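A look at the structure
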There are 2 protein chains.
Amino acid sequence: MRLGTFEWMKSVNRSIIINKIRTDAPISRAQIAKETKITPPTVSSNVKELIALGIVEETDYGTSSGGRKPKMLMLTENKYFVIGVDAGSQKIQASLSNLKGEILNRYHCSLEGVHTNELFIEALMTSIDTISSFLKPSQDILGIGIAMHGVVDPLKGEATFAPNLGLTNIPIKEMLYEHFQVPIYVENDARAMAMGEAWFDTTNVPQSLVTLNIGRGVGAGIIVDGKLFYGKDYLAGEIGHMTINMNGDICDCGNRGCLQTLTSGKTIASKAKERIPSTHFERFNDQITGDTVFQLACQGNEEAIKIFHEIGHAIGIGLINLIHMFNPERIVLGGGVMDASQYILPIVKQIIQEKGLTGKAKNSHVEISRWGHDATLKGAIAIVLSHVFDDVAEDELSNE
Amino acid sequence: MRLGTFEWMKSVNRSIIINKIRTDAPISRAQIAKETKITPPTVSSNVKELIALGIVEETDYGTSSGGRKPKMLMLTENKYFVIGVDAGSQKIQASLSNLKGEILNRYHCSLEGVHTNELFIEALMTSIDTISSFLKPSQDILGIGIAMHGVVDPLKGEATFAPNLGLTNIPIKEMLYEHFQVPIYVENDARAMAMGEAWFDTTNVPQSLVTLNIGRGVGAGIIVDGKLFYGKDYLAGEIGHMTINMNGDICDCGNRGCLQTLTSGKTIASKAKERIPSTHFERFNDQITGDTVFQLACQGNEEAIKIFHEIGHAIGIGLINLIHMFNPERIVLGGGVMDASQYILPIVKQIIQEKGLTGKAKNSHVEISRWGHDATLKGAIAIVLSHVFDDVAEDELSNE
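Residues numbered from 1 in each chain as written. Chains lettered and ligands numbered in written order. Predicted model: local features only at pLDDT ≥ 70, side-chain atom pairs only at ≥ 80, totals over all residues. Heavy atoms only, no water.

**Observations regarding the relation of the copies chain B and chain A**
Inclusion rule: Here the copies are matched by least squares. The fit uses the C-alpha atoms of residues with pLDDT of at least 70 in both. Contacts are residue-level and defined by heavy atoms, with any inter-residue pair within 4.5 Å sufficient.
Mapping chain B onto chain A is achieved by rotating through 180° and translating by 0.0 Å along the same axis, at an RMSD of 0.1 Å. Seen this way, the second copy is the image of the first under a two-fold rotation axis. Here 100% of the contact residues of chain B are again contact residues in chain A; the copies associate through an equivalent surface.

Pasting the structure below:
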């Protein structure tokens, strides 16, 4: 694997031009000049360099308004690549994508038996090595993005706490950089997901957006003014531990009535254990999990459906708190629990409609991630691409 | 009243220089040049103009390191002024301040019997007229800041909803501008308070800060990246209606277990009515209010103290939710209920210490506003000053 050439985007004009090509391709030089207000000669000279570097390529001729048909530009598809990794609590998924963020190849492996930092890093490296073996010698990796579950310090690139693996202080960035020598970005999974939702939405870029990753745990990624919002100690977005029932059941964190204790996959399973006869789970080899409860619901089991309605009620209350505090343009829900969105989402919307303080609050935009299980993986890719295409601002998260 | 000359700050250099004088006065031209990296001739020419306009004045000679003693600069105190108004639910307080934000004169009037928009505007105008009568003909008002309770649209300068007065859509900015012909800024009280805390803290400027105004209602003002955070529909900060007990009592807003139902002055009074014999309130002319319960607490009444501890418990849970979502650098508490901070604050800190997810969360910085009852008034002044001293960025909230 070779390190991609990074010097090409260290100019504001070039950054504007390449972003324009990214969002509006296929686009002509003339259109770029018109819409970015950069002079045609500057556009031309920058595009020339971008083509020489293999970042941009010419495609079919555009439509002409009389004279010669203009040559249309788009991001190149076969020179520079990005690796995105979704490092969950049970498995690692790695992907290879082009500059457009399209996923070309995938690899995944289980994290069963991974109980030391060294084994975890080894699993990560194997995944990345495997996925990069799809590249030809002439093709370059521009960076590797790791969307990691649990508490993450993106500046150090460290997984501070990975609760389900029982691991702490895994120096992911340091170890991977030593091995691969390309820029490494490590981010919390929910924040990566937020970055993905914002980055890939080129037509309707939200100024503020919150994504919720609802699975084993519940985390939020927050975008403010188009940027990830971290809070003072990288703690912002710990929505799973928002108290919504101060006299409720005790959560893993020791507090009472956290959103997570009312909405996680574990809660779905334990509600089902209490309320659905175990015989119903025989066809699933007696596995009572969020997923098997969902399958029962799909088969019309009313108690299973009711459980998902209760989950929707709790998520609705969590979101109404979020709306009254943050008032984001858009809320996107993802994670394993949202596989049951057909039962959950209508209730979530109903609660928000009932409890919103104003008409606008009641009609807050809530949707399911369009990428389903790939939401985090898309986020891992986006955290790399957002740095690759970034303007000349100081890039403090990079190793460069 | 005359409109102050605004042209003087429409240059980035001048804005940097005047802000340096504001925060570091008394300061010499040489120090300004050194610390701002603006060339000495540019500093000199700008300072010359600022002195001619009466914005800056020379003060006692500074200490010399050999040669001639340098002339020290500070903001002028007797030429330009700002009016700040705290428009609460029961009374209006108006203040006249100098460019440093020091309060020089005050006026207040009751809002009893004010039940139409016209009467409210009249009360505002009377207050402003009265306070500006302290000025000499040669002295100018640079702007008027109104910190208004309830829901405010700062762009329109309108009080959208003032719940305790039962008024809606009061066009404050429009009416006041027509009358006074100076820039008018209207902001929600909790947001103004946040602006005041950030603006006047010149030594330790927080990047993120949340203020809570806990009185009849409970509102929050949020600063992110040094700027007020509004949310998509100016709804951000409605922390009073954060559900912390989803099965709790019904709030004014119709929802259950809102923070406000557990912490407001009204709650204190109603808890006292239930649990403290009415004979204890005879010495207060049978008035059972948050304030008289506080006075009982000060006299050692254990039940009264216990009520404030319960309030502290609920505020603590609201703040821990805020910390886990926003993770701000600093939280500042104000409002009438915080008069009883001696009973409330220790419990708030204890809850945060108990329930924080991480060591840093447990040690989140929480304090009482250093200005006590003037916190909102200082905020009203700050919303004007922040525009006056602002750089050349488009000033969309101004009428200019």
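**Considerations on the environment of N245 of chain B**
Note the cut-off: Secondary structure elements are defined from DSSP: runs of H or I of at least 4 residues count as helices, runs of E of at least 2 residues count as strands, and each element is numbered from the N terminus. A 1.4 Å probe rolled over the protein chains alone gives each residue an accessible area, and that area as a share of the maximum for its type sets the label: buried under 20%, exposed over 50%, partly exposed in between.
Counting through the fold element by element, N245 of chain B comes out in the loop between β15 (227-228) and α7 (259-263). Note on N245 of chain B: relative accessible area 11%, which makes it buried. Residues N245 of chain B and I320 of chain B lie 75 residues apart in sequence; the distance between their C-alpha atoms is 14 Å. Those residues in contact with N245 of chain B that sit more than four places away from it in its chain are I244, N245, M246 and N247 of chain A together with R256 and G257 of chain B.

**Quick word on the sheet that holds strand β5 (residues 91-98) of chain A**
All names here are of chain A. Stated formally: Two strands qualify as a pair provided that DSSP identifies no fewer than 2 bridges between them. For helices, the axis comes from a line fit to the C-alpha atoms of the stretch in contact; other axes are also lines fit to C-alpha atoms, and the angle between any two N-to-C directions lies between 0 and 180 degrees.
The strand order β6-β5-β4-β7-β11 describes an open sheet built from five strands, whose pairing is mixed. With partners counted over all chains shown, the strands left at the sheet margins are β6 (103-110) and β11 (184-188), one partner each. The average angle at which neighbouring strand axes cross in this sheet is 15°, direction not considered. The pairing of strand β7 (residues 140-148) with β11 spans five bridges and is parallel.

**Focus: the pairing of strand β10 (residues 158-162) of chain B**
In the case of a regular strand, side chains alternate between the two sheet surfaces. Residues and elements named next belong to chain B. Note that strand β9 (residues 151-153) and β10 share three bridges and pair antiparallel. Each residue of the ladder has a partner; that of V151, found in β10, is F161. If you look at the hairpin formed by β9 and β10, you'll find four residues sitting between the two strands, and G157 has a positive phi there, around 70°. The sheet contact formed by β10 and strand β11 (residues 167-170) spans three bridges and is antiparallel. Within the sheet, the bridge partner assigned to F161 lies in β11 and is T168. Where β10 hands over to β11, the hairpin turn is made up of four residues, of which G166 adopts a positive phi near 70°.

**Focus: the interface of chain B and chain A**
The criterion, for reference: Put simply, buried area is how much 1.4 Å-probe accessible surface two parts lose in total, over both of them, once they are put together. Whenever Lys or Arg places a side-chain nitrogen within 4 Å of a carboxyl oxygen from Asp or Glu, that contact is recorded as a salt bridge.
Facing the 42 residues of chain B at the interface are 42 residues of chain A. Both sides of the chain B and chain A interface together cover about 3600 Å² of buried area, and 63% of this is carbon and sulfur. The three residues of chain B that bury the most area against chain A are M246, M325 and N327 of chain B, which together make up 20% of that side's buried surface. Taken together, the links from chain B to chain A amount to two salt bridges. Between D225 of chain A and K227 of chain B there is a salt bridge, with its nearest N and O atoms 3.7 Å apart.

**Re the domain arrangement of chain A**
Residue and element names in this part refer to chain A. Selection criterion: By convention here, the domain bounds are inherited from an automatic or database domain assignment.
Considered domain by domain, chain A is made up of domain 1 (7-75), domain 2 (80-196 + 376-388) and domain 3 (204-372). Taking only C-alpha atoms into account, the centre of domain 2 sits 25 Å from that of domain 3. The interface of domain 2 with domain 3 comprises 18 residues on the first partner and 21 residues on the second. When domain 2 packs against domain 3, close to 1500 Å² is buried across both sides, 62% of that on carbon and sulfur atoms. Of all residues in domain 2, R191, M193 and A194 give up the largest surface area on contact with domain 3, accounting jointly for 39% of the area buried on that side.

**Considering the packing of aromatic side chains**
Let me state the cut-off plainly: Centres within 6.5 Å are what make two rings of Phe, Tyr or Trp a pair, Trp counting through its six-membered ring; a difference in plane orientation under 30 degrees is then read as stacked, over 60 as edge-to-face, and the rest as tilted. Here, a charge over a ring means that NZ of Lys or CZ of Arg falls within 6 Å of the ring centre while also lying within 35 degrees of the ring normal.
Counting across every chain of the model gives 18 aromatic pairs over all chains. With a centroid separation of 5.4 Å and 80° between ring planes, the pair formed by Y230 of chain B and Y234 of chain B is classed as edge-to-face. You can call Y230 of chain B buried: its relative accessible area is 19%. When its relative accessible area of 24% is taken as the criterion, Y234 of chain B is described as partly exposed. When the ring centre of F200 of chain A is taken as origin, the NZ or CZ atom of K378 of chain A, which lies over that ring, is 4.6 Å away. Positioned above the aromatic ring of W199 of chain B, the side-chain terminus of R22 of chain B is 3.4 Å from the ring centre.

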